[in-house]
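Below, each chain spelled out in residue letters.
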2 protein chains.
Amino acid sequence: MDRIDRRLLNLMQRDASRTNVDLADEVGLSPSSCLRRTQRLRKSGVIDRIVAILNPAKAGRVIKALVAVELKLHGEQHMRRFLDIAIAEEAVSHAYAVTGETDVVLMLRLRDMEEFDSLCERLFRDQTNVARFFTMMIIRTAKEETAIRL
Amino acid sequence: MDRIDRRLLNLMQRDASRTNVDLADEVGLSPSSCLRRTQRLRKSGVIDRIVAILNPAKAGRVIKALVAVELKLHGEQHMRRFLDIAIAEEAVSHAYAVTGETDVVLMLRLRDMEEFDSLCERLFRDQTNVARFFTMMIIRTAKEETAIRL
DNA sequence: GGGTATTTGCAATAAAATTGCACGGAACTG
DNA sequence: CAGTTCCGTGCAATTTTATTGCAAATACCC
C-alpha cells in the first residue's frame, strides 16, 4: 500500500467508472501495471465493492430521518433482536448500536410520512422492547460522503 | 423508467463492476440496448455516480461516532456557518441539519481518539456557536446500505 | 554484493464498449 | 383504419479496453 495505491483509491472512491487506461495515465503507470494494482486492492478487501449511487430524490426516497432509540431491556440478546428487526426494514439504511443516552440510532430513507407511520408501528411497539424514541427529521443534507480520504 | 430499468438499478447498486454484457444477459436484453439504458440512467441523473466503497477498517478509519450538536444561535446564517466548518473536516462523513432537541447531527470516521479530541477542539469551541454536544460512539454497525431498493 | 522476490512495461490476445443501421411495435393523427 | 412518427431493440462492424505471458528493471534481504 504505497502512494500510488492511495492515489488510485482516492480516484476510484470519487469515480469508479473511469477506465483502467484512464486511471493508469493519471497516476503515471502502464495500463497493465495499474490493472494489477486495482485487482490486488479488490482481492485484499481494501476495496469492498463498487456500486452505483442513486440520486435519492429521483429514486423516490425524498424524506430522511434519524431516530435515536432507547430500549427497555439492555442485554446483548435484546439489543440484537431489536437490530435484527430494524435492519430487515427497507427504509432503514443505517443501524448502529451506540453509547450515550440512547442505545440505537437508525437512519431512515422514506417515500412519504405514511411510510414513517407504518414503520414506527412495526419497530416501536411494545413487543420490540423500545422504551422511548426521538425522531430527528433531516432538514438539510450538508454532506454525505462515502469516500475515505487517503 | 420501466421494470427493466429498475432491475438494472438494483443490480448496479449492488455491484457496478459487472460488465454491460453480463448485465444485459441477466435482464434479457442485447448488450447494445442494455448499454443505452444504463447510459440514459446516468445522463438523466438517476445514477448520481459510480464509486468504490472501501473497507473502513482496512483503510485506517476504525472508530465511528455520531455527534448531536445544539447551537447557541439558531438563525439560518449561523446554521450555515457551522455546517460549512463541519463539512470541511475530513473526519466528518455526514452532516445534517435536523429537527428535534438538537440542531445538527454529524457522523465521524476517526483514525483514533486523538483525532476525535482535536476535532472537538476545532468544531465545538466558543467561536463555532455550539451550546452543547452529545457524543454517541458507535459500538456496532448493524447496517450501512447505500442502495435504494426499487 | 549476491540472490530472491516483486513490480514494471511491452506486446499479443481476448473481451467489452460503442456506433451505424434497419426492423418492429406503440402512440398519435387525420 | 391507414399513414406517420417516435422510440426501443437487435445485429454487425469498429473501436476501445481488459487481460495475460514474458523479459527487464527495481526493491529487498541477508
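Since we're looking at a predicted model, the values are computed, not measured. (Residues numbered from 1 in each chain as written. Chains lettered and ligands numbered in written order. Predicted model: local features only at pLDDT ≥ 70, side-chain atom pairs only at ≥ 80, totals over all residues. Heavy atoms only, no water.)

**Details of the domain arrangement of chain A**
Split into domains, chain A comes out as domain 1 (3–43) and domain 2 (63–137). Its C-alpha centre places domain 1 of chain A at a distance of 39 Å from the equivalent point of domain 2 of chain A. (Domains from an automatic or database assignment.)

**Some thoughts on the UniProt feature "domain: HTH asnC-type" (unreviewed entry) in chain A**
In the numbering used here, UniProt assigns the "domain: HTH asnC-type" (unreviewed entry) feature to residues 1–62 of chain A. End C-alpha to end C-alpha, residues 1–62 of chain A measures 39 Å, and it is 53% helix and 13% strand. (UniProt positions renumbered as here; feature names shortened; annotations may be inferred. Helix = DSSP H or I, 4+ residues; strand = E, 2+ residues; numbered from the N terminus.)

**Some words on the interface of chain B and chain A**
Counting residues at the interface gives 63 residues for chain B and 63 residues for chain A. At the boundary of chain B with chain A, total buried surface from both sides reaches about 5,700 Å², with 57% on carbon and sulfur atoms. The tally of links between chain B and chain A comes to four salt bridges. The partner of Glu 76 of chain A in a salt bridge is Arg 140 of chain B, and the shortest N-O contact between them spans 2.9 Å. Inspection of the chain B/chain A interface yields 39 residue pairs in polar contact (both at pLDDT 80 or more). Looking at the side of chain B that touches chain A, the elements with two or more residues in it are helix H1 (3–14), strand S1 (47–54), strand S2 (63–71), helix H4 (76–87), strand S3 (92–98), strand S4 (104–110) and strand S5 (130–144) of chain B. Ranked by residues supplied to the side of chain B that touches chain A, first place goes to S5 of chain B with eleven residues. Taken together, the residues of the side of chain B that touches chain A break down into 31 nonpolar, twelve polar and 20 charged. In this structure, strand S3 (residues 92–98) of chain A lies alongside S5 of chain B, joined through five bridges in antiparallel fashion. Bridging from a neighbouring strand, Tyr 96 of chain A pairs with Thr 141 of chain B of S5 of chain B. (Contact = heavy atoms within 4.5 Å. Buried area = accessible area lost by both parts, 1.4 Å probe. Salt bridge = Lys/Arg side-chain N within 4 Å of Asp/Glu carboxyl O. Polar contact = N/O pair within 3.5 Å; in protein donor to acceptor, adjacent residues only side chain to side chain. Nonpolar A, V, L, I, M, F, W, Y, C, P; charged D, E, K, R; others polar. Pairing = 2+ DSSP bridges.)

**Some words on the relation of the copies chain B and chain A**
Mapping chain B onto chain A calls for a rotation angle of 180 degrees and an axial translation of 0.0 Å; the resulting RMSD is 0.1 Å. In the structure described here, the two chain copies are related by an operation that fits a two-fold rotation axis. Of the C-alpha atoms belonging to chain B, the one lying closest to the rotation axis is found on Val 51 of chain B, 2.9 Å away. A share of 100% of interface residues in chain B that are also interface residues in chain A marks the association as one of identical surfaces. (Least-squares fit on C-alpha atoms with pLDDT ≥ 70 in both.)

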